[in-house]
Amino acid sequence: MIGYIVRRLLAFIPAWFGVFLLTFLIFHVHDPLTLAAVQAPQAPRERLQQWVREHNYHLPLFLNLPHHAREERADGRIHPEFAEQGLFYSQFFQHLRSFFLFEFGLDRRERPALETLGERIGPTLGLMLPAFVISIALSAWIALAAAYFRGAPFDRTVLTLSTLLMSAPLPVYILATSAIFGEWLRILPVYNHLLPPMLIAIAANLGAQIRFYRTVFLEETLRDYVRTARSRGAGEAQILYKHVLRNSLTPVFTQISFSIPYLVTGSLLLEQFFGVPGMGDLLYSAIASQDFAVIKALVYIGALVYMLSALAADLASAWADPRIRLAGN
Amino acid sequence: MQAAPWKLSALLAAALALGCGNNPYGEFPEGRVFFTSMEETPTTLDPGRVQDMDSVYIASNIHDAPYNYHYLLRPLRPIPAMATALPETGQRRVNGRAYYSLRFSIKPNLRYADDECFADGRGRAITIDDIILPIKRAADDAIQPFGKPFFEGALLGFDEFNAALAHARTARSVKQPASLADDPLYQAYQRDIPGVVRLDDYSVELLFEKPAPQSFFFFAMPSSSPVPLECVFYYDGEKRPPYSRRAVASGPFRVAEWREDHLIRLVKNLNYRRDDFYPSEGAPGDAEAGLLERAGRPLPMLDEVRIYVIRRAPPKWALFGQGYLDMYRNRLDLQERLVQSAELQERYRKYGVRRTSQTEFSTFGWVFNMRAELFGNNLELRRAIALLIDREEMIRLFLPGRAQPAMGLLPPEFPGYDPEYKNIWARGDLSAARRHLRLAGYPNGVDPATGKPLEIQLFDRAAQGRAAVYRYYIDRFAAVGLKLKVEQVDFPSLIRIHNSREFNLVHWGWGADYPDPETFLQLFYSPNISNTYNVSQYANAAYDRLYEQMRVTPAGPERARQIRAMHALLERDLPVVLFFHRQGSYFTQPWTAPVKPNPIDLAEMKHWDVEPERRAAEVARRNALGGPR
């Protein structure tokens with residue numbers, strides 16, 4: 001098991017390096033003065049050059065070769081001091097260092113990008129975590145009941161409602177919730193309150209999750225061990241909770257692992273409509289304002305969370321299902 | 001097991017009950033608190049750095065400046081704010097050389113808001129040194145100065161000071177100073193600019209080597225607001241937050257809370273000068289609109305302004321309709337929604353919602369690349385393109401109630417605007433366009449070199465909801481046989497295209513920062529080709545001469561003649577196709593004081609007022625179950 005974890009962690013390195021390489025190329029192939037002009041439209045050239053210097057865009061791109069110390073750089077100056085630096089005194093290697101040290105620089109409001117992210121994670125988790133837990137518990141419970149009553153009116157009703165819930169796009173939930181609770185019933189605010197977006201996050205995930213879990217549970221109820229348990233006189237509740245649920249956990253964990261990153265990245269639409277200053281809202285404003293430091297930090301951390309949640313799903317599946325033989329065991 | 005759904009329902013019901021009504025603030029706070037919204041958070045509150053409209057808006061209301069514009073009178077009239085009177089201008093001889101002089105004094109007893117950056121935590125007195133500092137900061141290239149163009153090449157010693165600051169910044173970047181005394185930048189700021197003469201603790205004289213009448217407008221912009229140097233260095237961004245977030249100011253409000261992308265809470269600055277009163281004189285119609293009811297009241301009238309950052313329109317519409325926003329400052333969406341919805345118009349009428357519209361000081365259109373092969377030497381082609389778009393129709397279809405057609409560069413109510421001026425190319429006329437296409441060498445829009453319709457690329461910044469407008473453009477081009485290809489690009493790419501001039505036709509717009517026609521007319525002055533202002537690269541010696549004369553000519557018939565002549569040249573040479581001037585609207589609730597938007601001076605919050613008791617009663621009525629919708 002430990003060997004497996006180590007191997008999985010090692011496999012992260014090329015994946016994460018790929019993420020690094022892509023983001024480096026995206027942010028560093030542009031003309032630095034153009035990037036500066038985006039940050040400060042109409043600023044005089046000197047100010048743009050200052051920005052280039054402050055953000056190290058005047059450094060050589062990959063390797064610090066001798067001729068770089070003799071030529072005019074993007075900040076409008078010649079830098080003889082480059083000659084005193086090593087071969088790796090370049091944008092690429094500085095970026096690589098920052099990447100491993102989680103130093104993403106200052107955002108457009110002059111705050112460390114990581115500090116900005118730290119401030120936003122709280123509201124996002126406050127919204128997404130309860131919604132995540134409730135929607136999983138609720139959908140698993142309903143799916144289990146539907147599987148138990150398969151083919152009965154209850155099952156058919158659940159299937160129909162799930163399909164309806166799945167079919168509505170998120171903006172429909174948002175507008176309907178605002179209209180019903182905020183405008184007609186007038187019992188919930190349409191802004192600045194966590195409950196409406198939380199209810200939407202639960203409802204929007206419920207349909208697909210119920211259908212998925214029901215399929216998984218149904219598949220398990222047809223297996224031999226269920227028939228054996230039944231023939232030995234085990235009750236249906238015992239069969240469902242003790243055997244079916246446990247043996248269905250592998251696909252359930254996999255599905256959950258796909259959702260975990262959203263806990264951190266948040267929901268852009270929900271946060272914007274309901275005034276939750278979380279990570280989704282931050283992502284939108286960072287992209288709209290070309291806030292490179294924040295975008296970079298979000299990309300790296302998003303990738304990291306994806307990889308960690310995939311690892312967590314694998315480990316949880318291995319724990320839940322003894323049939324899974326981990327390579328090397 | 002059986003009870004689980006009921007438990008869950010009960011839990012949900014309890015949660016709903018906790019919400020207990022749709023008031024997003026729980027309940028209204030005590031005092032005269034005004035609720036409004038904006039779409040983006042400011043990037044900085046440092047008055048020397050403000051650039052985007054959201055930052056300018058907040059900065060204008062927390063920083064005081066030597067001059068403001070009269071809240072009610074139109075055309076805009078500068079009035080003394082921190083200054084004792086309008087500046088004295090004239091010529092002066094110093095050491096045998098003649099200079100153009102601008103001299104003014106500020107009032108004594110002005111103070112900054114209290115802040116920990118001051119020795120005893122109490123806002124210190126403001127002297128003329130605090131007014132001189134923004135002039136010095138305008139020379140600092142690291143501060144993204146709006147102010148630099150006002151003084152560069154004109155104010156005695158300004159350019160040398162600019163070079164000294166750049167040098168100090170370089171020295172500082174090589175070796176981080178241990179203390180202020182070692183800080184080369186701090187030392188550089190201690191130097192004087194020879195053209196900025198401190199006459200006494202409250203008076204200053206500026207000496208210009210050549211006429212620079214527009215420099216006065218700097219002192220009516222937030223960029224000129226006094227800045228305490230000790231606080232700029234105290235809030236260094238390392239041990240403490242940067243000054244851009246903790247701007248210590250002297251305006252009517254101070255920032256009490258700033259929750260990124262969510263809320264900015266401004267509270268009354270108790271150290272604000274005591275001589276600021278609501279005006280008792282207004283423009284025609286102001287008295288009837290109730291704008292003089294508060295004449296003579298001390299400003300600011302509110303205890304607090306809460307500005308929520310709400311990016312999406314639907315929650316704003318809902319909150320405003322429910323009465324939880326006192327004002328809806330809007331350029332786009334609500335006006336359009338109102339035009340389209342008779343039901344909403346009726347509801348707002350019933351609620352007593354007021355709508356105040358004003359033409360913004362902005363102009364939009366397309367510019368041709370005058371140095372590109374396609375358009376540069378083909379006036380007839382430019383004329384044909386100009387005649388394709390029917391401005392009235394375009395506004396009716398896509399900007400109802402949000403724009404008015406542009407004849408010239410200057411918007412209505414802007415100084416120098418000529419209501420009689422009619423631009424013969426600012427109309428839609430497809431048959432005339434076909435005629436000019438033939439003269440241009442593209443009969444029926446066909447390019448003789450290829451035998452196919454001439455394809456023209458139009459660059460624009462990518463934005464949501466533009467597809468219908470582009471379809472309209474494409475159809476108008478197709479009607480004369482041309483093929484329009486709209487290239488939507490991201491903002492960095494559009495800037496690159498503007499700077500490198502890699503375009504034939506590009507979307508273009510300009511908003512005025514100060515009320516002088518020079519700000520619009522500089523956009524076609526050929527020396528401005530070297531910066532990004534003259535995007536079209538239009539170069540005409542006669543236009544340049546007129547511009548140089550107009551810059552220094554006082555308002556009057558002579559200046560009007562110069563402006564007319566410049567417009568005539570633009571009409572003849574057609575480097576730009578003018579479409580519209582944008583209109584904005586303020587929607588306000590009946591429990592607020594009437595407002596009058598100002599297209600330049602955004603220091604407006606001090607004139608706002610609210611009746612909290614009336615609001616509480618009306619909001620309760622609007623939001624009661626079964627209440628009015």
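Predicted model, so just to flag it, every value in this text is computed and none were measured.

Focus on the overall build of chain B
In step 1: When you go through chain B residue by residue, the secondary structure sums to 22 helices and 20 strands.
In step 2: Over its C-alpha trace chain B gives a radius of gyration of 27 Å, about what one expects of a compact globule, namely 25 Å for 629 residues.
In step 3: When the backbone C-alpha atoms are referred to their principal axes, chain B occupies close to 90 × 75 × 55 Å.
In step 4: Long-range contacts, defined as pairs at least 24 residues apart, comprise 71% of the intrachain contacts of chain B with a sequence gap of at least 6.

Regarding the packing of helix 8 (residues 195–221) of chain A against helix 10 (residues 236–247) of chain A
Axis angle and axis distance: for two packed helices, these are the angle between their axes and the distance between the axes, and together they describe the pair.
Residues and elements named next belong to chain A.
In step 1: Two numbers describe how helix 8 lies on helix 10: the axes approach to 9 Å, and their chain directions differ by 115°. Comparing their axes, helix 10 and helix 8 come out roughly perpendicular. As helix 8 packs across helix 10, the resulting crossing turns out to be right-handed. Of the residues in helix 10, those touching helix 8 at F217, E220 and T221 are L240, V244, L245 and N247.
In step 2: Class assignment of the residues belonging to the contact of helix 8 with helix 10 gives a composition of 4 nonpolar, 2 polar and 1 charged.

So, the pattern of salt bridges
Residues and elements named next belong to chain B.
In step 1: Within this structure, the stated rule accounts for 61 salt bridges over all chains.
In step 2: For the salt bridge of D130 with R124, the shortest nitrogen-to-oxygen distance reads 2.7 Å.
In step 3: A residue is classified by how much of its surface remains accessible, and R124, at 23% relative accessible area, is partly exposed.
In step 4: The salt bridge involving E380 is made with R383; its shortest N-O contact spans 3.3 Å. Placement of both E380 and R383 in helix 14 (residues 379–386) is noted, with a separation of 3 residues, approximately one turn of the helix.

Overview of unusual backbone geometry
Residues and elements named next belong to chain B.
In step 1: P75 follows R74 through a cis peptide bond whose omega is -5°.
In step 2: Among the secondary structure elements, P75 is positioned in the loop between strand 2 (67–69) and strand 3 (78–80).
In step 3: Phi is positive for D261, close to 55°, though the residue is something other than glycine.
In step 4: Tracing the chain through its elements places D261 in the loop between strand 8 (253–259) and strand 9 (263–268).

Topic: the state of the cysteines
All names here are of chain B.
In step 1: Under the definition given, this model contains 1 disulfide over all chains.
In step 2: Disulfide pairing is shown between C117 and C231; the S-S distance is 2.0 Å. Measuring handedness by torsion sign, the sulfur bridge of C117 and C231 sits at about 65° and is right-handed. Within this pair, whereas C117 is found in the loop between strand 5 (97–105) and helix 3 (128–138), its partner C231 is found in helix 8 (residues 229–234), the two being separated by 114 residues in sequence. The same class applies to C117 and to C231, which are both buried.

Digging into the confidence of the model for chain B
In step 1: For chain B, mean pLDDT is 89; residues scoring 70 or higher make up 93% of the total.
In step 2: Across the whole predicted complex the pTM is 0.83, and at the interface the ipTM reaches 0.75.

Things to note about the nonpolar core
In step 1: Counting residues in each nonpolar core, the largest one holds 183 residues, and the members touching the most others are F151 and Y473 of chain B.
In step 2: Among the elements that make up this core, the one with the highest residue count is strand 20 (residues 576–588) of chain B (7 residues).
In step 3: Leave out the neighbours within four places in its chain, and F151 of chain B touches I135, A138, F158, L206, F208, S215, F218 and F219 of chain B.
In step 4: Within the second largest apolar cluster, 39 residues are counted, among which are F12, F27, M307 and L311 of chain A.

Regarding the sheet that holds strand 5 of chain B
Residue and element names in this part refer to chain B.
In step 1: With respect to topology, 4 strands assemble into an open sheet ordered 4-5-7-6, the strand pairing being antiparallel. Bordering the open sheet on either side are strand 4 (88–94) and strand 6 (196–200), each of which pairs with just one other strand. Neighbour to neighbour, the strand axes of the sheet diverge by 30° on average, direction disregarded.
In step 2: Note: strand 4 against strand 5, 7 bridges, orientation antiparallel. Residue pairing across strands places R93 opposite A98, the latter belonging to strand 5.
In step 3: Of the strands in this sheet, strand 5, strand 6 and strand 7 (203–208) are in contact with helix 3, which crosses strand 6 at around 175°.

Quick look at the side chain of D140 of chain B
Residue and element names in this part refer to chain B.
In step 1: As for its placement among the helices and strands, D140 is situated in the loop between helix 3 and helix 4 (148–151).
In step 2: D140 sits in the buried class, given a relative accessible area of 1%.
In step 3: Side chain to side chain, D140 and R169 meet in a polar contact 2.8 Å long.

Looking at the interface of chain A and chain B
In step 1: Chain A puts 48 residues into the contact, and the matching count from chain B is 59 residues.
In step 2: Contact between chain A and chain B buries roughly 4700 Å² in total, counting both sides, with carbon and sulfur atoms accounting for 55%.
In step 3: Counting across the interface, chain A meets chain B through 3 salt bridges.
In step 4: Salt-bridge contacts for R311 of chain B lead to D281 of chain A; the nearest nitrogen and oxygen are separated by 2.4 Å.
In step 5: Run the count over chain A and chain B and you get 14 residue pairs in polar contact (both at pLDDT 80 or more).
In step 6: If you list the elements that add at least two residues to the side of chain A that touches chain B, you get helix 2 (32–39), helix 3 (45–54), helix 5 (113–148), helix 7 (170–184), helix 8, helix 12 (268–274) and helix 13 (279–288) of chain A.
In step 7: In terms of residue count, helix 7 of chain A provides more of the side of chain A that touches chain B than any other element does, 5 residues in total.
In step 8: Of the residues belonging to the side of chain A that touches chain B, the class tally is 26 nonpolar, 10 polar and 12 charged.

Observations regarding helix 5 of chain A
In step 1: Compared with an ideal rise of 1.5 Å per residue, which puts 36 residues at 52 Å, helix 5 of chain A spans 50 Å between its outermost C-alpha atoms and is within 8% of the ideal.
In step 2: Of all the bends in helix 5 of chain A, the greatest measures close to 35° and is centred on L125 of chain A.

A closer look at helix 1 (residues 2–28) of chain A
In step 1: Helix length check: helix 1 of chain A, at 27 residues, gives a terminal C-alpha distance of 39 Å against a target of 39 Å (1.5 Å per residue), a fit within 8%.
In step 2: All buried positions along helix 1 of chain A are accounted for by Y4, F12, W16, V19, F20, T23, F24, F27 and H28 of chain A.

Observations concerning the packing of aromatic side chains
All names here are of chain B.
In step 1: Within the structure shown, the criterion is met by 67 aromatic pairs over all chains.
In step 2: Note on F368 and F375: the rings are 4.6 Å apart at their centroids and 50° apart in plane angle, and the pair reads as tilted.
In step 3: Residue F368 is classed as buried on the basis of its relative accessible area of 0%.
In step 4: Take F375: its relative accessible area is 0%, and that puts it in the buried class.
In step 5: The positively charged end of R245 is found above the aromatic ring belonging to W258, 4.3 Å away from the centroid.
In step 6: Stacked on the ring of F28, the Lys or Arg R615 has its end atom at 4.6 Å from the ring centre.

Focus on the environment of A462 of chain B
All names here are of chain B.
In step 1: With respect to the helices and strands, the residue A462 is situated in the loop between strand 17 (455–461) and helix 17 (467–479).
In step 2: When the C-alpha atoms of A462 and V489 are compared, they prove to be 5.2 Å apart, with 27 residues separating the residues in sequence.
In step 3: In contact with A462, other than residues within four places in its own chain, are Q488 and V489.

A look at the side chain of S259 of chain A
Residues and elements named next belong to chain A.
In step 1: Tracing the backbone shows S259 in helix 11 (residues 249–265).
In step 2: Residue classification places S259 among the buried residues on the basis of a relative accessible area of 17%.
In step 3: A polar contact of 3.4 Å, which involves the side chain of S259, links it to the backbone oxygen of Q255.

A word on the sheet that holds strand 8 of chain B
All names here are of chain B.
In step 1: Pairing is mixed in the open sheet, where 4 strands are placed in the order 1-10-9-8. The sheet is open, and its two edges are formed by strand 1 (33–38) and strand 8, each paired on a single side. On average, adjacent strands in this sheet sit at an angle of 20° to one another, irrespective of strand direction.
In step 2: Strands strand 1, strand 8, strand 9 and strand 10 (304–309) of the sheet are contacted by helix 2 (residues 53–62), whose axis makes an angle of about 140° with strand 8.

Overview of the packing of helix 20 (residues 541–552) of chain B against helix 21 (residues 557–573) of chain B
Residue and element names in this part refer to chain B.
In step 1: Viewed as axis vectors pointing N to C, helix 20 and helix 21 meet at an angle of 155°, and their least axial separation amounts to 10 Å. As far as their axial angle goes, helix 21 and helix 20 are roughly antiparallel. Crossing of helix 20 over helix 21 shows left-handed handedness. Residues A542, Y543, L546, Y547, Q549, M550 and R551 of helix 20 form the contact with helix 21, whose participating residues are R559, Q562, I563, A565, M566, L569 and L570.
In step 2: Its residues placed into classes, the contact of helix 20 with helix 21 shows 10 nonpolar, 2 polar and 2 charged.

What counts and what doesn't
- Residues numbered from 1 in each chain as written.
- Chains lettered and ligands numbered in written order.
- Predicted model: local features only at pLDDT ≥ 70, side-chain atom pairs only at ≥ 80, totals over all residues.
- Heavy atoms only, no water.
- Helix = DSSP H or I, 4+ residues; strand = E, 2+ residues; numbered from the N terminus.
- Rg over C-alpha atoms; globule rule 2.2 N^0.38 Å.
- Contact = heavy atoms within 4.5 Å.
- Axes fitted to C-alpha atoms, helices over the stretch in contact; angles between N-to-C directions.
- Parallel < 35°, antiparallel > 145°, perpendicular 65-115°, else oblique.
- Left-handed = near helix turned anticlockwise from the far one by under 90°.
- Nonpolar A, V, L, I, M, F, W, Y, C, P; charged D, E, K, R; others polar.
- Salt bridge = Lys/Arg side-chain N within 4 Å of Asp/Glu carboxyl O.
- Buried < 20%, exposed > 50% of the residue type's maximum accessible area, 1.4 Å probe, protein only.
- Disulfide = S-S within 2.5 Å.
- pLDDT = per-residue confidence, 0-100.
- Core = buried A, V, L, I, M, F, W, Y, C linked by side-chain atoms within 4.5 Å.
- Pairing = 2+ DSSP bridges.
- Polar contact = N/O pair within 3.5 Å; in protein donor to acceptor, adjacent residues only side chain to side chain.
- Buried area = accessible area lost by both parts, 1.4 Å probe.
- Expected span 1.5 Å × (residues − 1).
- Bend = angle between axes of the 7 residues up to and from the residue.
- Phe/Tyr/Trp six-rings, centres within 6.5 Å; stacked < 30°, edge-to-face > 60°.
- Lys NZ or Arg CZ within 6 Å of the ring centre and 35° of its normal.

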